[in-house]
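# A look at the structure
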Amino acid sequence: MSWGYKPNNGPQKWVENFPIADGVRQSPIDIVPGQASYDAGLKPLDLKYDPSTCLDILNNGHSVQVTFADDTDSSRLTDGPISGLYRLKQFHFHWGASDDKGSEHTVAGTKYPAELHLVHWNTKYASFSEAASKPDGLAVVGVFLKIGGENPNLQKLLDAFDTIKSKGKQTSFANFDPSTLLPGCLDYWTYDGSLTTPPLYESVTWIVCKEPITASSGQMAKFRTLLFSADGAAPDCMKTARVKNEDELLSKWCSSSS
Ligand SMILES: NS(=O)(=O)/N=C1/NCCO1
Ligand SMILES: [Zn+2]
C-alpha cells in the first residue's frame, strides 16, 4: 500500500517506510514571526517564469500538480536565500477538508486553508531527481491561500479539474504563468527543511512568503472535488496536508527577509 493521508497510510505512519520522518530538519513547521531573526544579508527573491515552459496538469493521487519543462533556465529562481540558479520543476497545492485548515506550515499556530508549493531544483546537479536528495538540492517557495475574493488566475487551474478528477489523470496545460499566483509583496521567512511528502528528503531550502494570496470559499471547495482514488474505485475526497498533531508542531529557527 502506498503512502497517503488516511489513518492507515498517513503522516503518522510514514516513518515506517521513510525513517527520515524522524529526522533533524523535517517540514512543515510552525513559523513564529516573533522568534525569526531578521537577516540583512538575505536578498529579495528573483523569480522569472516563462509560461511557454508550462506542460500539463496532473492528479497524482496526493495533490494536483502543474509540471514544467526544465531543460532550460527559462523558469527559475535566483537570489533570496539561495546561491546559484534553481529551475522550476512543478507546483502543487496542499489543502484541508474545510476552510479552517489545510496549509502545512502554520504562522504562530494559524492554519490557512491551503498552501501553494513551487518546487525548484539546483542546477549544480544534473536533474531534479539527482538534486532531490542533496542538502542544497531543492528550493520550494510556499504561498499561503486565505479566503477572500475570487482569484481569476487560480480559476484557470480549477477549470481543468473536471478532466483530472481521479488519481492518475493528466491533461495538457499550456501557457500558464505561475507568477500570477504570487503575492504582491515577496517578503519571506526561510529555513532549511525537507519535503513534506515521502520520501521526506532533507533537501529543501524553504522560502515561505509572508503575504498570502486569496481564493474564494467556492474555489477552495473545488479543490475538495479532486479524488485520491482512481477511476471506478470508491470515491475518496483528497485532502493533502502533512499536519503533525498539535503538540508536535515544531517551531524552528527561521530567518526573515524583512
Ligand atoms: N510538499 S513538497 O515538500 O513540495 N514535496 C515535494 N515532493 C516532490 C517535490 O516536492
Ligand atoms: Zn508540497
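So, a few notes on the structure that sits alongside this text. (Residues numbered from 1 in each chain as written. Chains lettered and ligands numbered in written order. Predicted model: local features only at pLDDT ≥ 70, side-chain atom pairs only at ≥ 80, totals over all residues. Heavy atoms only, no water.)

### Some remarks on the overall build of the chain
- Scanning the chain from N- to C-terminus turns up 4 helices and 15 strands.
- Relative to its length of 258 residues, the chain is compact, with a C-alpha radius of gyration of 17 Å against a globular reference of 18 Å.
- Based on the C-alpha atoms only, the size of the chain along its principal axes is roughly 50 × 45 × 40 Å.
- The buried share of the chain, reckoned over its 258 residues, is 52%.
- Residue pairs in contact within the chain that sit at least 24 positions apart in sequence constitute 71% of those at least 6 positions apart.
- Only carbon and sulfur atoms are counted for the fraction: they give 52% of the accessible area of the chain, which is about 10,800 Å².
- Put simply, the chain has 24 plus and 30 minus side-chain charges, and the middle of one group is 2 Å from the middle of the other. (Helix = DSSP H or I, 4+ residues; strand = E, 2+ residues; numbered from the N terminus. Rg over C-alpha atoms; globule rule 2.2 N^0.38 Å. Buried < 20%, exposed > 50% of the residue type's maximum accessible area, 1.4 Å probe, protein only. Contact = heavy atoms within 4.5 Å. Areas by Shrake-Rupley, 256 points an atom, 1.4 Å probe, with all protein chains shown as cover. Lys, Arg positive; Asp, Glu negative; His and termini not counted. Charge placed at Lys NZ, Arg CZ, Asp CG, Glu CD.)

### Brief notes about the site of ligand 1
- For ligand 1, the full set of nearby residues is Gln90, His92, His94, Glu104, His117, Val119, Leu195, Thr196, Thr197 and Trp206.
- The contact in question runs from a nitrogen atom of ligand 1 to an N or O atom on the side chain of His117, over 3.3 Å.
- Computed on the free molecule, ligand 1 has an accessible area of 290 Å², of which 89% lies beneath the protein chains in the complex.
- When residues of the shell around ligand 1 are assigned to their parent elements, the largest contribution, 3 residues, is made by strand β7 (residues 85–95). (Near = heavy atom within 4 Å. Polar contact = N/O pair within 3.5 Å; in protein donor to acceptor, adjacent residues only side chain to side chain.)

### With respect to the packing of aromatic side chains
- Counted by the stated rule, this structure contains 12 aromatic pairs.
- Each ring, one from Phe91 and one from Phe93, has its centre 6.0 Å from the other, and the planes form 85°; the classification is edge-to-face.
- In this structure Phe91 comes out as buried when scored by relative accessible area, which is 0%.
- The cationic tip of Lys134 hangs over the ring face of Tyr125; the distance from NZ or CZ to the ring centre is 5.3 Å. (Phe/Tyr/Trp six-rings, centres within 6.5 Å; stacked < 30°, edge-to-face > 60°. Lys NZ or Arg CZ within 6 Å of the ring centre and 35° of its normal.)

### A look at the coordination of the zinc ion (ligand 2)
- For the zinc ion (ligand 2), every protein donor is listed as His92 (NE2), His94 (NE2) and His117 (ND1), and the spread of their distances is 2.0 Å.
- One can describe the site at the zinc ion (ligand 2) as tetrahedral: its 4 donor atoms subtend angles covering 97 to 115° at the metal.
- Between the donor residues of the zinc ion (ligand 2), the gaps in sequence give the motif H-x1-H-x22-H. In this pair, His94 is assigned in strand β7 and His117 in strand β9 (residues 114–122), connecting sequence segments 23 residues apart. (Donors = N, O, S within 2.8 Å, 3.2 Å for Na, K, Ca; no water. Tetrahedral: all angles 85-135°; square planar, octahedral: opposite > 155°, others 65-115°.)

### Here we look at the nonpolar core
- Of all hydrophobic cores here, the largest spans 48 residues; its most connected members are Phe91, Phe93 and Leu157.
- Among the elements that line this core, the one with the most residues is β7, at 5 residues.
- Contact partners of Phe91, with chain neighbours within four places excluded, come to Val64, Gln65, Val66, Phe68, Leu116, His117, Leu118, Leu157, Phe176, Pro178 and Leu181.
- Listed in part, the 19 residues of the second largest apolar core include Ile31, Val107, Val119 and Trp121. (Core = buried A, V, L, I, M, F, W, Y, C linked by side-chain atoms within 4.5 Å.)

### Details of the pattern of salt bridges
- For the structure on display, the rule yields 10 salt bridges.
- Residues Asp236 and Lys6 are paired through a salt bridge, measuring 2.8 Å at the closest nitrogen-oxygen approach. Linking Asp236 in the loop between α4 (217–223) and β15 (255–256) with Lys6 in the segment before α1 (14–17), this pair joins segments that are 230 residues apart in sequence.
- With a relative accessible area of 22%, Asp236 lands in the partly exposed category.
- Overall, the relative accessible area of 34% leaves Lys6 in the partly exposed class.
- It is possible to trace a salt-bridge network through shared partners that takes in Asp46, Lys48 and Arg76. (Salt bridge = Lys/Arg side-chain N within 4 Å of Asp/Glu carboxyl O.)

### Brief notes about the environment of Asn151
- Topologically, Asn151 is positioned in the loop between β10 (138–147) and α3 (152–158).
- Along the backbone, Asn151 and Val64 are 87 residues apart, and their C-alpha atoms lie at a distance of 17 Å.

### Description of the pairing of strand β6 (residues 76–79)
- By the bridge criterion, 4 bridges tie strand β3 (residues 45–48) to β6 in an arrangement that is antiparallel. Residue pairing across strands places Leu47 opposite Leu77, the latter belonging to β6.
- Across 3 bridges, the pairing between β6 and β7 is antiparallel. Bridge pairing in β7 links Thr78 to Leu85.
- Between β6 and β7, which pair antiparallel one after the other, the connecting turn spans 5 residues, and Gly80 there sits at a positive phi close to 55°. (Pairing = 2+ DSSP bridges.)

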